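Chains, contacts and geometry: an overview
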Amino acid sequence: MAELLGSIDQGTTSTRFMVFNPAGEEITKAQMEHEQILPQQGWVEHNPEEIINNTHTVVEKALRKAGLDGKDLAAIGITNQRETTVLWNRRTGKPVYNALVWQDTRTDKIISEIEKKGQGEIIWCKSGLPPATYFSAGKIRWILDQDPELAIQAEKGEILFGNMDTWLIWNLTGGPDGGRHVTDITNASRTMLMNLATLEWDTELCEIFGIPPVMLPEIRPSSGSFGNTLASAPFRTEVPILGVLGDQQAATVGQACFSTGEAKNTYGTGNFMLSNTGTAIVPSRSGLLTTTCYQETGKPAVYALEGSIAVTGSAVQWMRDQLGLISSAAEIEPLANTVKDNGGVYFVPAFSGLFAPYWRSDARGAMVGLTRYANKGHLARATLEAICYQTKDVLGAMDKDSGIALQVMKVDGGATVNNTLMQLQADILGVPVVRPQVTETTALGAAYAAGLAAGVYSSLDDLKANWRVDRQWEPAWSADQRESGYLRWKKAVERTLDWA
């Protein structure tokens, strides 16, 4: 019996395909970036057809590189950038508009109108999410509003909606010719349309946004059947799709955070901290999101509290692409190490507002504390510290909501290769920071979900046994240093508000 597990990781900037053995070790991978389409300020789009084409390419490349084919895979899992919204024609398979990315803020007027009508509390109570441009429902409404004919077609079920997981599954399983229109509970929970308690699309929430339920995919557990791939390219045989998780939930599974109170923080384009709350739905009083974490078929759903930070790794990209202070992301670490501290400079990268725990769409980026003494090393260090301070904001809210003080922070994602960043994170949080041996936990989590359903693993205990520490950082700052730095950070955050 084949025991290798494939994982499609469809992210904000790229798509990759990885293959893991049952021990969670990487066998092969391939990755391709896709275009970031920026029509105007605050608008961020992707071409869905480019992404499905890239998916085919990376699957074929990775398998060819390792001398494998689809027959060598027990199953595949899919993980994806959440909230990013695609609408397409059921008969032609063609998108009716570019995908609206989770970072896109063009739906601010739609969200403001909902707030003015006093419907925000209904959304928050039922979906666990605050009304925000971040989530899918407003994006669906915006696309439908661009052409009256689209809304009519949507009512008839001729226009389909999906986040990237649904778009990929539909295409891989047949597209217009019998493609499966499905999603899992984690992706559905990011739309503002799913009821957290029932795990079903909520009629009242759909009515608030004017979205016909007929255009929404079927919701399924994260670990279970989502259909088989076609016997044609890219797998060239039918392979069962047995796991689907939104990227941050996938990282939580990949980090084996299966006990109540265990948390992980992923460092990518943005930062996302999730804390497992078990089978309890814990409403947030501190600006966090209540969301689903994962679900095995036939078992209760597991929930989480989440703190979402919009701009972390993308702040480093901004220094590279817009300011030209570095020529690669890796250069920020040695540049930050040219100075002993931030020189009094604080950078709040609120490029698209502030997410958790503030939820202020009016905020805009600010760099404060500048003097003639400040140089590019200080700016680089302030950028790394901004990632860490935003994480501290979220952790503080998480401690309040859960009543559990975090003992260790498990970290993953591309930026965790930056050892200076990880040490600063331990210093600013005041708790140890632990990086696992396998840092590609998002792809690994989707593979694990598929492996559970395929019988490669008998239980979650098998996945826990795979988790191993690569490196741990201990806090080095004094309590006074930590407190004074955080007070200045909070002052800097205040300067970003009421701009837009």
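This one's a predicted model, so the numbers in the text were calculated from it and none came from an experiment.

1. Some details on the overall build of the chain
From N to C terminus, the chain includes 16 helices and 22 strands. Taken over C-alpha atoms, the radius of gyration comes to 22 Å for the chain, in line with the 23 Å a tight globule of 500 residues would show. Taken across its 500 residues, the chain has 61% of its residues classed as buried. If you take every contact in the chain between residues at least 6 apart in sequence, the share linking residues at least 24 apart comes to 72%.

2. Focus: the sheet that holds strand β20 (residues 409-412)
Sheet architecture is open: seven strands sit in the order β16-β17-β15-β14-β20-β21-β22, paired in mixed fashion. Here the strands that pair on one side only, and so sit at the sheet edges, are β16 (289-294) and β22 (469-473). This sheet shows a mean twist of 30° between the axes of neighbouring strands, independent of strand direction. Relative to strand β17 (residues 302-309), β16 runs antiparallel, the two sharing five bridges. Counterpart to threonine 290 in the pairing with β17 is leucine 305.

3. Some remarks on the pattern of salt bridges
On inspection of all chains with the given rule, the structure shows 25 salt bridges. Where lysine 29 meets glutamate 440, a salt bridge forms, and the shortest distance between an N and an O atom there is 3.9 Å. Of this pair, lysine 29 sits in strand β3 (residues 26-33) while glutamate 440 sits in the loop between β21 (433-436) and α14 (441-454), and the two are 411 residues apart along the sequence. Between glutamate 306 and arginine 190 there is a salt bridge, and its shortest N-O distance comes to 2.8 Å. Residue glutamate 306 is located in strand β17, and its partner arginine 190 is located in the loop between α7 (185-188) and β10 (194-195); the two are separated by 116 residues in the primary sequence. Exposure class is identical for glutamate 306 and arginine 190. Each is buried. Connected through salt bridges with shared partners, the residues Arg82, Glu83, Arg190, Asp247 and Glu306 form a single ionic network.

About the thresholds
The written sequence of each chain sets the order in which its residues are numbered from 1. Selection of residues for local features in this predicted model requires a pLDDT of at least 70, selection of side-chain atom pairs for listing and counting requires 80 or more, and totals for whole chains, interfaces and linings are taken over all residues. Values reported for side chains reflect all heavy atoms of the structure, with hydrogen atoms and water molecules removed beforehand. In this text, helices come from DSSP runs of H or I with a minimum length of four residues, and strands from runs of E with a minimum of two, each type numbered from the N-terminal end. This radius of gyration counts C-alpha atoms alone. The globule rule is 2.2 Å times how many residues there are, raised to the power 0.38. Burial classification: accessible surface area is computed with a 1.4 Å probe over protein chains only, and a residue below 20% of its type maximum counts as buried, one above 50% as exposed, and the rest as partly exposed. Contacts were defined at the residue level, with two residues in contact if any of their heavy atoms lie within 4.5 Å. Note on pairing: two strands pair once DSSP finds at least 2 bridges between them. In this analysis an axis means a line fitted to C-alpha atoms, helices contributing only their contacting stretch, and an angle means the value between N-to-C directions, from 0 to 180 degrees. Any Lys or Arg side-chain nitrogen located within 4 Å of an Asp or Glu carboxyl oxygen qualifies as a salt bridge.

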